[in-house]
Amino acid sequence: MQIKETWDPYVLLDAVPVGILVLDSEMIVRFWNNSLARWTGISRETITGRQVGEFFPDLVSPGIMMRLCAVFEQGAPAVFSSQLHRYLIPVLLANGRMQSQKTTVTALPSGEEGRYHALFSIEDVTELVDRVEAYREMRNQVQEEMACRLQGEEKIKQRNNELSILHQITQVATSSASVDELVTLVLGKVLSLLNFEGGGIYLIRQETADLITHQGLPPEFVQNIRSVTLNQDPFRTVMIDGQPWYCMDISQLMPITQSAGFKTLASIPLIADDRVVGAMNIVSSRIHQFTTDEKGILESIGREIGAAVVKTELQEQVRSAYTKANLYLDIITHDVNNAITAMMMYATLLTEILEGEERETAERLLTGIEKSGEIIRNVSTIRRIHENHTPLKSTDLVRVIRSEAEHFDSTRITVPSGEVIVMVDDLVAEIFTNLIGNSLKFGGPSVQVQVRVEDLGEMVRVSVEDDGPGIPDALKERVFNRFSRGVHDCSGKGLGLFITRSLVERYGGTILVDDRVPGDPAQGAAIRFTLKRAPAQGARRA
């Protein structure tokens, strides 16, 4: 005996990790999912059927209502980014801060012709916003350090001798990939230029300073000075007060140096932005009287090294943050794709076992999940466009077109023949996936699509034409913008045509929206773009 299960049409909306809110045109709450209840502490029973303005007055402010009217009356979507609207539903986090949100509002049929309900999808983007802000702060710090360094270089140029020495130090600093490599190379260069026998560089680590690199020092001496306490002189003078310290006979002040045979010491603070980050010590077994010029050179070197150390540390942090961000994005993309696959399986099952209005609801849910999958795919493609630095190569464009057309209903698509060799990369297939897919999706069940290639000499012009409803002149200029969706209820958040334009421009071409029949948008749309022809090597022209 077959058991028929009954599903609550909103059960899956309660399971997703985003806030889901449905309002009717009177701003009455029709649905309030578990995520919103958990975030706000307001139960579904408390808020459902009541004016949302009773709980969240900002949602009925004139600025928000103006945008929501387009949803209720025209079915147009609305996106409230975290940059312009930190949040629509105030949610206090455990750390006392307010949750950052990205809210997408889409239209749901209300049952009344020409009127819609508004479905709010509220994503918690607090962590992403925090990472972006942290990255910007690090970037600003790097820029400030670079500006400080340029000012220091202007002062260095006052004397020819200082310019010669500091130029070599600068070359070492800018060519270093890590802090350890930086200080090691700089110390060797300073000892060589000033003809000193040994030295070491300390970097401050909280209440102590650690010897990061050293040269020309006896091993037993190094063991005793590997870590020093900042509140002891002369370290306090140099690494807390930021004042250089010069001594012609250190054996009386620091008996430990007597066994090593050192007499002269210069301890120079490493300063960046008026902050001491460490010290450079150089020693000699001979008595040496430092001149004013030598002190000026050493102190300038100290500022140069300090700025370079901070800059290099920040660069390492930026690289680490970038690596982590990519890791998080890979994990999120992988997990979201897995979740979408599971949701599509369950939604498909619902469409098979439900009937009537419940089945229609399940089909709408399946469509929404498919749209989410397309968004993930589009975002991954954009990421590949920005990260793909492989050179362009000779590619048979006709073969690419035919291959992509096979993914659709081939009886409705006419493709060119022959061979046309252009300079592109492997992402070129995304152009035809988007353009052919859009024509079939929005052209109606009987739409016919034709792809044509024309010879323009050093360029070829490709046209993807359909006999569907066409694109009005007023929309032609903005269909390639991100998140622009024209007059259609388009999936992918309007990224498909944005991706297409990005790829065409990457290949050195141009793209435009045209009418299939010139001057008559109602006869169908045509997307036309150009690509560079590959150098002729016996290939047939189109």
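Residues numbered from 1 in each chain as written. Predicted model: local features only at pLDDT ≥ 70, side-chain atom pairs only at ≥ 80, totals over all residues. Heavy atoms only, no water.

1. Observations concerning the nonpolar core
Across soluble globular proteins, you tend to see nonpolar side chains buried next to one another. Leu397, Val428, Ile431, Phe432, Tyr507, Phe529 and Leu531 are the most contacted members of the largest nonpolar core, which has 41 residues in total. For this core, the secondary-structure elements that each account for two or more residues are α12 (397-405), β14 (421-424), α13 (429-442), β15 (449-455), β16 (459-466), α15 (495-506), β17 (511-517) and β18 (520-532). Not counting chain neighbours up to four residues away, the residues in contact with valine 428 comprise Leu397, Val400 and Tyr507. Judged by nonpolar contacts, the second largest core, of 29 residues, contains Ile268, Ala308, Val309 and Leu314. (Core = buried A, V, L, I, M, F, W, Y, C linked by side-chain atoms within 4.5 Å. Buried < 20%, exposed > 50% of the residue type's maximum accessible area, 1.4 Å probe, protein only. Helix = DSSP H or I, 4+ residues; strand = E, 2+ residues; numbered from the N terminus. Contact = heavy atoms within 4.5 Å.)

2. A short note on the sheet that holds strand β11 (residues 275-284)
Ordered by their spatial adjacency, six strands build an open sheet running β8-β7-β6-β11-β10-β9, and the pairing between neighbours is antiparallel. Edge positions in the open sheet fall to β8 (227-229) and β9 (245-247), since each of these has one partner strand only. If you compare each strand with its neighbour and ignore which way they point, the axes differ by 25 degrees on average. Of the strand pairs in this sheet, strand β6 (residues 198-205) and β11 are connected by six bridges, and their pairing is antiparallel. (Pairing = 2+ DSSP bridges. Axes fitted to C-alpha atoms, helices over the stretch in contact; angles between N-to-C directions.)

3. Overview of the pairing of β17
Sheet topology places β17 next to β18; six bridges connect them, and they run antiparallel. Residue valine 517 lies in a different strand from β18, and its bridge partner there is aspartate 520. Adjacent in sequence and paired antiparallel, β17 and β18 are bridged by two residues, among which glycine 519 carries a positive phi angle near 85 degrees.

4. A look at the pattern of salt bridges
A side chain of one charge can pair with a side chain of the opposite charge if their charged atoms are brought near each other. For the coordinates displayed, the defined rule picks out 16 salt bridges. A salt bridge links aspartate 14 to arginine 44; its shortest N-O distance comes to 2.5 Å. Pair noted here: aspartate 14 is in helix α1 (residues 11-15) and arginine 44 is in helix α3 (residues 44-47), with a separation of 30 residues, a long-range link. Among the residues examined, arginine 44 registers a relative accessible area of 26% and is labelled partly exposed. A salt bridge links arginine 131 to glutamate 127, with the nearest nitrogen and oxygen atoms 3.1 Å apart. (Salt bridge = Lys/Arg side-chain N within 4 Å of Asp/Glu carboxyl O.)

5. Description of the packing of aromatic side chains
Scanning all chains against the criterion turns up four aromatic pairs. Consider the rings of phenylalanine 196 and phenylalanine 290, whose centres lie 5.7 Å apart with planes at 25 degrees: the pair is stacked. Taken as a pair, phenylalanine 196 in the loop between α7 (179-194) and β6 and phenylalanine 290 in the loop between β11 and α10 (292-353) lie far apart in primary sequence, 94 residues in all. By the burial criterion, phenylalanine 196 is buried, and phenylalanine 290 matches it. Seen from their ring centres, phenylalanine 432 and phenylalanine 529 are 6.0 Å apart, and the 55 degrees between their planes marks the pair as tilted. (Phe/Tyr/Trp six-rings, centres within 6.5 Å; stacked < 30°, edge-to-face > 60°.)

6. Here's the deal with the sheet that holds β16
A sheet is described by the order of its strands in space; here five strands give the open sequence β13-β15-β16-β18-β17, paired in mixed fashion. One side of each edge strand has no neighbouring strand; the edge strands of this open sheet are β13 (413-414) and β17. As paired strands, β13 and β15 are joined by two bridges and run parallel to one another. When the sheet's bridge partners are listed, isoleucine 413 is paired in β15 with valine 449. Lying over the sheet, α13 contacts β13, β15, β16 and β18, oriented at roughly 25 degrees with respect to β16.

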